[in-house]
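# Observations on the three-dimensional arrangement
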Amino acid sequence: MKILFASSEATPLIKTGGLADVAGSLPVALNHLDHDCRLILPGYPDVLKKANDLQHLAHVEIEQEPTPVNLLQGSCGPHNVPLYVVDAPHWFDRPGNPYLSPEGLNWPDNAERFTLFCRVVAAFVMNRMGLDWQPDVIHANDWQTGLIAPLLSGEEKRPATLFTIHNLAYQGLFDQATFMRLGLPDHLWSYTALEFHNQLSFIKGGIALSDRVNTVSPTYAEEIKTAEFGYGLEGLLIHRENHFSGVLNGIDYHEWDPQHDKHIAAAFSAESFRKKQQNKLALQREYGLPEDAHIQLFGYIGRLVDQKGVDLILQVLPGIMDSGSQLVMLGSGDKDLEHSLEKISNRYHSRVGVFIGYDEGLSHRIEAGCDCFLMPSRFEPCGLNQMFSLRYGTVPIVRRTGGLADTVVDVDPTSLANGTATGFVFDNTDGSSLWGAVEHAINFYRRSSTDWEILARTGMQQDFSWEASAQHYLELYQTAIDEPGL
Ligand code: ADP
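To start, this report covers the structure provided alongside it. (Residues numbered from 1 in each chain as written. Predicted model: local features only at pLDDT ≥ 70, side-chain atom pairs only at ≥ 80, totals over all residues. Heavy atoms only, no water.)

Now for the site of the ligand. Near the ligand there are 18 residues, and of these Lys15, Gly18, Arg303, Lys308 and Gly357 occur at the shortest range. For the ligand, an oxygen atom lies 2.6 Å from a polar atom in the backbone of glycine 18. Taking aspartate 359, its main chain carries an N or O atom lying 3.1 Å from a nitrogen atom of the ligand. Protein coverage of the free-state accessible area of the ligand, which is 560 Å², stands at 93%. Secondary structure elements with two or more residues in the shell around the ligand: α1 (18-32), β13 (297-304), β14 (326-333) and α15 (385-391). (Near = heavy atom within 4 Å. Polar contact = N/O pair within 3.5 Å; in protein donor to acceptor, adjacent residues only side chain to side chain. Areas by Shrake-Rupley, 256 points an atom, 1.4 Å probe, with all protein chains shown as cover. Helix = DSSP H or I, 4+ residues; strand = E, 2+ residues; numbered from the N terminus.)

What follows is the structure, given as structure tokens:
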């Protein structure tokens, strides 16, 4: 099968969150299964700099686009996934991240930027550039690619379309004047297409007009069909129920492998679990905390936004401190949260270490060195860090939501007896519910190091590799081709 995977970010070229991990690893897994999956990305400076062997492929004519656009061809990452890059310096040659200026504000022309990206992808797959490769399926991801399916709707001989929702909280909403300015076909301003309560919604376009739609875990697929998680799109998702499903993400087992991880102090596996301690001591040293293998060490990595429940961690911090444990954190985002974290690391400097920023290597060392990983998300479409944690024998403490509910088995008498327990799961988005799970973890850790090791090693033996998920995606592609959903 020939698949074109359209994304606004992909590791190892450019990453702000989990979408990049998926775009960096699902195509690799598909190609290992002997399919031909190629990536297409916007030409941000990092992409132009880090892609392998980029060369000019075609000059792109887009009617509404006055500035020059070129299509480049090369490959991405160590597995050399074939890559196309939309080189449009006017839109993409900027500092900051793909969506925000260096000051942390949305680029004011994000609608224009990603409309151009979608238009180029649509022109590509309708063979308007005379290329010698055409996909059977175009796999679009998140709102930045939400206009691809609408631009293809009504085209004869278009490829099949799959749209994946990685996070419904980010929708690409703009006013009607923006819709007019973009010069999109008038018929798309309709409640059955892009119009959402008198606004232009990119994500709605992907959901309403793709042959198949999925999200990144079975539980999140159920959750977003409710008013609590659906942001007003629950009705549309229910309407598309027969063409909508949840497929759990995998993780990159080469990149996240405690036996061969170039970022960590000591390699280890489930069989040599005790060597994990050396990573704990190294991490305590790196954060300037007292080095003591017996102290229970909690960790957090992630964007500092309301979704992730970092405020709940702040609520349980006094309890963690009273227990004599340590906490290390890595993240960036909301300035108030960054400030609060810096304050607590000053206040409890011998017990709490905080690094504000983005640091790939440190994220590996936290996964390798901690005993427990905190993930009290309000909602979590899939979540990757709990899967990295399981693979590194770091016991996750998670809220029962989205992909967290699908990947962590709570410690209770039944799961302990049948050997399936892998972490601590709590239900409510409040400090006392989180504290219940944290206290359980503290007591469990103290009671028996053997039982703790069994728990951690059970997590390490779970299989979250991409192979199974890639098979699910292949089935989705095939049904989208055989039975178009529109
Ligand atoms: P989301 O996509 O909502 O941010 P995910 O758990 O799906 O959450 O994916 C987040 C990814 O970004 C993970 O690979 C995580 O390790 C990484 N990450 C987040 N913040 C940081 C940071 N400050 N430094 C390094 N990696 C980070």
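Next up on the list: empty space enclosed by the protein. The tally for this structure, following the rule as stated, stands at 1 cavity of 30 Å³ or more. Size it by volume and the largest cavity reaches roughly 40 Å³. If you go around the largest cavity, the residues you meet are Ile138, Ala140, Thr145, Gly146, Ile148, Ala149, Thr161, Leu162, Phe163, Gly206 and Ser210. The set of elements that each furnish at least two residues to the lining of the largest cavity consists of β6 (137-141), α5 (148-152) and β7 (160-165). It is β7 that provides the largest number of residues to the lining of the largest cavity, a total of 3 residues. (1 Å grid on protein atoms, 1.4 Å probe; cavity = no way out; pocket = protein on both sides within 12 Å on 5 of 7 lines; lining within 4 Å. Points joined across faces, edges and corners; volume = space filled by probe spheres on them.)

Note that serine 201 resides in strand β10 (residues 199-201). Relative accessible area serves as the criterion here: at 0%, serine 201 is assigned to the buried category. Polar contacts involving the side chain of serine 201 include one to the main-chain amide nitrogen of lysine 204, which spans 3.1 Å. Excluding anything up to four places from it in sequence, serine 201 contacts Gln171, Gly172, Leu173, Leu194 and Phe196. (Buried < 20%, exposed > 50% of the residue type's maximum accessible area, 1.4 Å probe, protein only. Contact = heavy atoms within 4.5 Å.)

Taken in spatial order, the 3 strands of this open sheet run β8-β10-β9, and their pairing is antiparallel. Two strands bound the open sheet, and with one partner strand each, they are β8 (173-174) and β9 (195-196). Relative to the sheet, helix α7 (residues 202-209) contacts β8, β9 and β10, its axis offset from that of β10 by approximately 60 degrees. (Pairing = 2+ DSSP bridges. Axes fitted to C-alpha atoms, helices over the stretch in contact; angles between N-to-C directions.)

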